[in-house]
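So the chains spell out like this:
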Amino acid sequence: MILILQTCDGNKYRSLLDESEKINRSYANKHGYIYKRYDGIIMGKYDWHSTFNRIFLLENILHQQ
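Since the model is a prediction, treat every value here as computed from it, not as a measurement.

## Quick look at the environment of Gln6
Point 1. Counting through the fold element by element, Gln6 comes out in strand S1 (residues 3-8).
Point 2. With 29 residues separating them in the primary sequence, Gln6 and Tyr35 have C-alpha atoms 8.1 Å apart.
Point 3. Setting aside chain neighbours within four positions, we find Gln6 in contact with Leu17, Ser20, Glu21, Asn24, Tyr35, Lys36, Arg37 and Tyr38.

The following block contains the structure:
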């Protein structure tokens, strides 16, 4: 399984993710990869805390397997 995962704070960088999602989702579809997106902050309160979202998201995905 190949996963393309994008995440943002859901606020400050949402418009950037909206644009980059287009090409990344298209790339994933073209090559049969999985694309996932998460907007928001999983743990913390500042926008930059969303940097750590991928850790929690990947851990969740691995435990679902």
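## Describing the environment of Thr7
Point 1. Its place among the elements puts Thr7 in strand S1.
Point 2. You can call Thr7 buried: its relative accessible area is 18%.
Point 3. The spatial distance from the C-alpha of Thr7 to the C-alpha of Asn24 is 12 Å, given a sequence separation of 17 residues.
Point 4. Those residues in contact with Thr7 that lie beyond four places of it in its chain are Leu17, Tyr38, Ser50, Asn53, Arg54 and Leu57.
Point 5. At 3.0 Å, the side chain of Thr7 and the backbone oxygen of Tyr38 are in polar contact.

## Concerning the layout of surface pockets
Point 1. Empty space within the largest pocket amounts to approximately 170 Å³.
Point 2. Around the largest pocket sit Thr7, Cys8, Asp9, Tyr13, Leu16, Leu17, Ser20, Asp47, Trp48, Ser50, Thr51 and Arg54, which together line it.
Point 3. Those elements that provide at least two residues to the lining of the largest pocket are S1 and helix H1 (14-31).
Point 4. Among the elements that make up the lining of the largest pocket, the one with the highest residue count is H1 (three residues).
Point 5. Classifying every residue of the lining of the largest pocket gives five nonpolar, four polar and three charged.

Analysis parameters
- Residues numbered from 1 in each chain as written.
- Predicted model: local features only at pLDDT ≥ 70, side-chain atom pairs only at ≥ 80, totals over all residues.
- Heavy atoms only, no water.
- Helix = DSSP H or I, 4+ residues; strand = E, 2+ residues; numbered from the N terminus.
- Contact = heavy atoms within 4.5 Å.
- Buried < 20%, exposed > 50% of the residue type's maximum accessible area, 1.4 Å probe, protein only.
- Polar contact = N/O pair within 3.5 Å; in protein donor to acceptor, adjacent residues only side chain to side chain.
- 1 Å grid on protein atoms, 1.4 Å probe; cavity = no way out; pocket = protein on both sides within 12 Å on 5 of 7 lines; lining within 4 Å.
- Points joined across faces, edges and corners; volume = space filled by probe spheres on them.
- Nonpolar A, V, L, I, M, F, W, Y, C, P; charged D, E, K, R; others polar.

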